[in-house]
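Chain residues, written in single-letter form:
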Amino acid sequence: RALAAYALLNLASASVEDAVDSITDGYLDNGIDAIFYDDKQLILYLVQSKFIESGFGEPDNGDMRKFKDGVIDLVQERFDRFNKKVNSKKDDIQAAFSESKIKLNIILVYTGRGFSPANQTVIEDIIKELNDSTEWVVFTDYNLKSLHSAVTIGLSGKDIDRELTL
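A few points on the structure. (Residues numbered from 1 in each chain as written. Predicted model: local features only at pLDDT ≥ 70, side-chain atom pairs only at ≥ 80, totals over all residues. Heavy atoms only, no water.)

Next up on the list: the layout of surface pockets. A water-sized probe, rolled over the atoms, reveals where empty space remains. Considered as a void within the structure, the second largest pocket measures approximately 200 Å³ in volume. A12, D18, D21, S22, I35, F36, Y37, D38, D39, K40, K89 and D92 together form the lining of the second largest pocket. Broken down by secondary-structure element, the contributors of at least two residues to the lining of the second largest pocket are α2 (16–21) and β1 (34–38). When residues in the lining of the second largest pocket are grouped by element, the largest group, four residues, is from β1. Here the lining of the second largest pocket is built from residues that sort into four nonpolar, one polar and seven charged. (1 Å grid on protein atoms, 1.4 Å probe; cavity = no way out; pocket = protein on both sides within 12 Å on 5 of 7 lines; lining within 4 Å. Points joined across faces, edges and corners; volume = space filled by probe spheres on them. Helix = DSSP H or I, 4+ residues; strand = E, 2+ residues; numbered from the N terminus. Nonpolar A, V, L, I, M, F, W, Y, C, P; charged D, E, K, R; others polar.)

Now the structure itself:
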């Protein structure tokens, strides 16, 4: 959950409050761990996050397929397939999809380093299916290297004063 919120802080310039409020992770989330709509930029962010303890590897292909199904269900506004947290974002989602110039940014944030051809195919399938006539869907691979860069850039020149709970 923290990874999903952190990705939105960095990629969507969401406030801390908005990033935390975007979390939808839980039973019946259909692989979508966070939803954030930037109504000024007209970008809807859908995030899946995976903590990989070893720092190597990637999310398993089953999780990626679940995420794909969740993205498609959400675009088709099948809200009955989602939990209360996702449904609490229904107004934002419908407002986003009512905009003719909406962009959809699908983000996979994970503490691993690789992205296999099998998982790449799942992402390509989502993009191909949704970008039928216009290119309104993009994918962001936000892996351990990207996370590390965001932390070091964000803290460069500053003393590190962070409290972490493990």
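Okay, the environment of S13 next. Mapping S13 onto the fold places it in the loop between α1 (2–11) and α2. Residue classification places S13 among the exposed positions, given a relative accessible area of 63%. For S13 and L144, which are 131 residues apart along the polypeptide, the C-alpha to C-alpha distance reads 19 Å. (Buried < 20%, exposed > 50% of the residue type's maximum accessible area, 1.4 Å probe, protein only.)

Residue position: N30 is located in the loop between α2 and β1. One polar contact links the side chain of N30 to the main-chain carbonyl oxygen of R81, over a distance of 3.0 Å. Discounting chain neighbours no more than four positions away, the residues touching N30 are K66, F67, G70, D73, R81 and F82. (Polar contact = N/O pair within 3.5 Å; in protein donor to acceptor, adjacent residues only side chain to side chain. Contact = heavy atoms within 4.5 Å.)

None of this, on its own, says anything about what the molecule does.
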